Amino acid sequence: MAEYKDMLHAQRAYFSKGECKSVDFRIRQLKNLRQWICEHEQEIMEALHQDLNKSPFEAYATEIGIVKEEIKYILKHLRRWAAPKKVKTPITQFPAQSFVYPEPYGVVLIMSPWNYPFQLTVAPLIGAICAGNCAVVKPSAYSPATTRVMAGMIRELFAPEYITVVEGGREANQALLDEKFDYIFFTGSVNVGKYVMEKAAVHLTPVSLELGGKSPCIVDETADLKLAAKRIVWGKFLNCGQTCVAPDYILVQRSVKDKLIKQINKSIRKMYGKDALANDEYPKMISEKHFDRVLGLIEGGHVVSGGESDRRSLRIAPTLLDQVTWESPAMQEEIFGPLLPVLTFYDMKEAVQMVNARPKPLALYYFTKDKKREAGILRNISYGGGCINDTVVHLATSYMPFGGVGNSGMGGYHGKDSFDTFTHRKSIMKKSLLVDIPIRYAPFKNKLALLKKIQ
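Everything numeric here is computed off the predicted structure, so don't read it as measured data.

Participant: Looking at this structure, how should I read the environment of Ser-112?
Facilitator: With respect to the helices, strands and loops of the structure, Ser-112 is situated in the loop between strand E3 (107-111) and helix H5 (119-131). Under the relative-accessibility criterion, Ser-112 is labelled buried at 8%. Separated by 98 residues in sequence, Ser-112 and Glu-210 have C-alpha atoms that sit 9.5 Å apart.

Below, the structure is given as structure tokens:
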């Protein structure tokens, strides 16, 4: 579309002026962003409640607070990250000095989802800003209230030739992906991620894909079942199960299955009450289409608890499914809703084989007291990241990268990894003009033996 071409032309012209490459400029933008968020917390929380019925506590803990902490961490370290780094030079290139210069890619596209619409839009934007890029931000059309707030934020804080926002649905997404960007950062489903990568390949544009998948939660016979149940219920039913790293299913050792189910039911009642659908703090499904899709996944399993739903409020009660097989509907796709299927295993070898027989998950959670078994899981299963004896919290830190592997995505961000993701590391070697070692020049007669000695 002509308007997108004009928009990108303006951003490329602005980027070429070099203003956004200044570290002082980047720091100033991040401080302004943090100040705006602090001043508009109530407005952000109200938008998240309107889109997903998030309580003020959940909205702040999972969206606003994480973003504020990310900015704080990056401001503390940015000058050091952005400075050129001197590295060693091989003796074969003597005399010389070698440096790595971090530089921004240029104009980047950030496409975000609806489930954590504020956090998963602003966190990658922070990375783009701290690395010195211009950015086009495309939030989801499925979370309109939060998108409106973010659009207002971006238009108030940033000149459109520096950072701009594009609203709209699928047509806007497709039109943007037809344009040439210097980097694309996408968060969403596996199927759309494949489409994004296909479109990026036309222009050889590098991408980060933050996707999802079926993240297992393994519970063995040594686990603290009461604590495991509490932390599983919290991580699974947070945001009504609409979390890319939520435990998608439980793999529990057969000998403790019944005890774990009993504890999970207790934890659900304690956290959400006897009737979760009447709990004002319990979130909702994002749309009726998503509501119907998740309800359809209940078929093929035995409802141990929950199963109730309210179409008017788009709520589905926390639901535990037993008698589930790998062929059940709930095991054919990422659930992304408040259903928790339970499968069993006899020994750890079988559990590892079950997980490894399927696409690499975005997250894996393991509850155990056995350090040897813990080491075996860490060593023998590939996944994006996860927790031992907890769920979800591994992504709530600026000290580690967050991202997937294989089918669950590529690339990582948060903290230093956000800076690295949106940065090209330019390698420079500066050779001396005083000495010119002749060994590399032809003719090469009788030079091979000397070359072998110094390499």
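Participant: Just checking my understanding: could you explain a negative patch on the surface for this structure?
Facilitator: On the surface, a cluster of negative charge is contributed by Glu-39, Glu-43, Glu-46 and Glu-156. The residue Glu-43 is located in helix H3 (residues 41-52) in this model. Judged by relative accessible area, which is 36%, Glu-43 ranks as partly exposed.

Participant: Looking at this structure, how should I read helix H8 (residues 190-202)?
Facilitator: Helical geometry note: an α-helix holds 3.6 residues per turn, so side chains three or four residues apart project in the same direction. Its 13 residues give H8 an end-to-end C-alpha distance of 19 Å, which sits within 8% of 18 Å, the value for a rise of 1.5 Å per residue. Those residues of H8 that are buried are in contact with helix H7 (170-177), strand E6 (183-187) and strand E7 (207-210). Leu-204 sits one or two positions beyond H8 and adopts a positive phi of about 55 degrees.

Participant: Explain unusual backbone geometry here, please?
Facilitator: The phi torsion of most residues other than glycine is negative, and most of the peptide bonds are trans. Look at the link from Phe-94 to Pro-95: it is a cis peptide, with omega at -5 degrees. Mapped onto the fold, Pro-95 is located in the loop between strand E1 (85-87) and strand E2 (96-104). Following Ala-442, the chain continues into Pro-443 via a peptide bond in cis, with omega recorded as 0 degrees. Structurally, Pro-443 is set in the loop between strand E20 (423-431) and helix H15 (448-454). The backbone of Asn-389 sits at a positive phi, close to 65 degrees, despite the residue not being glycine. Looking at where Asn-389 falls in the secondary structure, it is placed in the loop between strand E16 (385-388) and strand E17 (402-403). One non-glycine residue with positive phi stands out, namely Asn-446, at about 65 degrees. Relative to the assigned elements, Asn-446 resides in the loop between E20 and H15.

Participant: How should I be thinking about the sheet that holds strand E8 (residues 216-219) in this particular structure?
Facilitator: By way of backbone hydrogen bonds, the strands of a sheet pair with one another, either parallel or antiparallel. Strand order in the open sheet made by the 7 strands is E10-E13-E14-E9-E8-E15-E16, with mixed pairing throughout. Of all strands in the sheet, those with a lone pairing partner are strand E10 (302-305) and E16, marking the two edges. On average, adjacent strands in this sheet sit at an angle of 25 degrees to one another, irrespective of strand direction. Examined bridge by bridge, strand E9 (residues 249-253) and strand E14 (residues 339-345) share 4 bridges and lie parallel to one another. Opposite Leu-251, over in E14, you have Leu-343 as the bridge partner. Sheet contacts for helix H9 (residues 225-237): E8, E9, strand E13 (319-322), E14 and strand E15 (363-367); angle to E14, the most-contacted strand, approximately 140 degrees.

Participant: Whenever I open this one, the sheet that holds E3 confuses me. Can you help?
Facilitator: Read across the open sheet, the 6 strands follow the order E5-E4-E3-E6-E7-E18; overall the sheet is mixed. A single partner strand is all that each edge strand has here, and the edge strands are strand E5 (163-165) and strand E18 (409-410). Direction of pairing for E3 relative to E6: parallel, over a ladder of 4 bridges. Paired with Met-111 across the strands is Phe-186, a residue of E6. Taken strand by strand, helix H1 (residues 2-17) contacts E3, strand E4 (134-138) and E5, and its axis lies near 150 degrees from that of E4.

Definitions and limits used
- Residues numbered from 1 in each chain as written.
- Predicted model: local features only at pLDDT ≥ 70, side-chain atom pairs only at ≥ 80, totals over all residues.
- Heavy atoms only, no water.
- Helix = DSSP H or I, 4+ residues; strand = E, 2+ residues; numbered from the N terminus.
- Buried < 20%, exposed > 50% of the residue type's maximum accessible area, 1.4 Å probe, protein only.
- Patch = residues over 30% accessible without salt bridge, like charges linked within 9 Å, V, L, I, M, F, W, Y side chains within 5 Å.
- Areas by Shrake-Rupley, 256 points an atom, 1.4 Å probe, with all protein chains shown as cover.
- Salt bridge = Lys/Arg side-chain N within 4 Å of Asp/Glu carboxyl O.
- Lys, Arg positive; Asp, Glu negative; His and termini not counted.
- Charge placed at Lys NZ, Arg CZ, Asp CG, Glu CD.
- Expected span 1.5 Å × (residues − 1).
- Contact = heavy atoms within 4.5 Å.
- Pairing = 2+ DSSP bridges.
- Axes fitted to C-alpha atoms, helices over the stretch in contact; angles between N-to-C directions.

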